[in-house]
Each structure stands twice: as C-alpha cells, then as structure tokens.
Amino acid sequence: MGIEREENETGREPGVDEIVGRLGKFINERAALLSLLYDINMLPEQTVTRQGAIRLAGLCEVWKRGEEGTLATASRPPLTVDGLAQEIRRVDGNHSLGAGALSEALMPFLQKHAAPTEESV
C-alpha cells in the first residue's frame, strides 16, 4: 500500500535524469559543493525523486549566485529619528549612562538598521 510512483530503469522518477544530468559538470568542478552534497546525502546519483532533483538544482543555483556575488542581500529596516529616540529611551530612559556606555548600548540597534560602511565591512 501507499503512494505508487512511476520509475524508469534507474529507479528514478520521470524527469529526474534530465534535471540531474545538467548539474553533473557544475557539481564535479566544485570540491566544496561536492563535499557538502555528500555530507547531506544529496549527490546526483542519490537523487531519485523529481522533488529531490528540483531541490538539488535550486541548491546549485544558489551556490552559483554566491560565486558570482549576485545573491540578494536582506533589506534592513529604515533608521528613523523616532526609532532611534525610542531605543535611547529603552536603553537609558533614566539618563544614567555616559556617552561611551550609551554608544555601546546603541550599537546593536544601529548595526541592525544602518547600511554597512567601509569600516564595518
């Protein structure tokens, strides 16, 4: 009983060979990617379902974009005067911190909201 699926002579679902076949050269030319796929049991020869093949192709696409430097970066929330004022009130509402301690307390907030600078990169 259970879900029955159609398989070809290699034991793979239809379409898997077409997807995985295009990835072999890309994967084999990247030792770190090959090692990762080995560690997570996701080598092309281990991929037997169409869903697994699509996941493998997606992972390879992300790897490629990482190499090219074209991965999208997470957007940062905008830094506003009101937001900064609220954070100052939160960390030092009773005005007991000195300038250095206040700056240190505000750094996580500022790093979360400000764009990276040459100094922080």
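Whatever comes next refers back to the structure up there.
Because the structure is predicted, anything quoted here is derived from the model rather than measured. (Residues numbered from 1 in each chain as written. Predicted model: local features only at pLDDT ≥ 70, side-chain atom pairs only at ≥ 80, totals over all residues. Heavy atoms only, no water.)

Novice: Is there a simple way to think about the overall build of the chain in this case?
Specialist: Along its length, the chain carries six helices and zero strands. Counting from the amino terminus, helix and strand elements in the chain follow one another as α-α-α-α-α-α. Residue burial in the chain is summarised as follows: out of 121 residues, 20% are buried. Long-range pairs, those at least 24 residues apart, make up 60% of the contacts in the chain between residues at least 6 apart in sequence. For the chain, the exposed area adds up to about 9,100 Å²; of that, 55% sits on carbon and sulfur atoms. (Helix = DSSP H or I, 4+ residues; strand = E, 2+ residues; numbered from the N terminus. Buried < 20%, exposed > 50% of the residue type's maximum accessible area, 1.4 Å probe, protein only. Contact = heavy atoms within 4.5 Å. Areas by Shrake-Rupley, 256 points an atom, 1.4 Å probe, with all protein chains shown as cover.)

Novice: Explanation requested: the side chain of His113 in the structure shown.
Specialist: Along the chain, His113 falls in helix 6 (residues 99-113). The contact partners of His113, leaving out residues within four places of it in the chain, are Arg76, Pro77, Pro78 and Leu79.

Novice: Whenever I open this one, the side chain of Thr47 confuses me. Can you help?
Specialist: By the element assignment, Thr47 lies in the loop between helix 3 (31-39) and helix 4 (50-68). Overall, the relative accessible area of 6% leaves Thr47 in the buried class. Aside from chain neighbours lying at most four places away, what touches Thr47 is Arg12, Val16, Val20, Met42, Gly52, Ala53 and Leu56.

Novice: When you look at unusual backbone geometry in this model, what are you seeing that I'm missing?
Specialist: Only a minority of non-glycine residues have a phi that is not negative, and only a minority of peptide bonds are not trans. One non-glycine residue with positive phi stands out, namely Asn41, at about 55°. Looking at the element boundaries, Asn41 is found in the loop between helix 3 and helix 4. For Asn41, a relative accessible area of 56% gives the class exposed. At His95, a position not held by glycine, the phi torsion is positive, near 55°. Of note, His95 is situated in the loop between helix 5 (81-92) and helix 6. Since its relative accessible area comes to 68%, His95 is described here as exposed.

Novice: What's the story with the pattern of salt bridges in this structure? I'm lost.
Specialist: A side chain of one charge can pair with a side chain of the opposite charge when the charged atoms of the two come close. The tally for this structure, following the rule as stated, stands at six salt bridges. Between Asp17 and Arg12 there is a salt bridge, with its nearest N and O atoms 2.7 Å apart. One salt bridge in this structure joins Glu29 and Arg30, with 3.7 Å as the shortest N-O distance. The buried category is assigned to Arg30, whose relative accessible area is 18%. Bridged by salt links that share partners, the residues Lys25, Glu29, Arg30 and Glu67 form one connected network. (Salt bridge = Lys/Arg side-chain N within 4 Å of Asp/Glu carboxyl O.)

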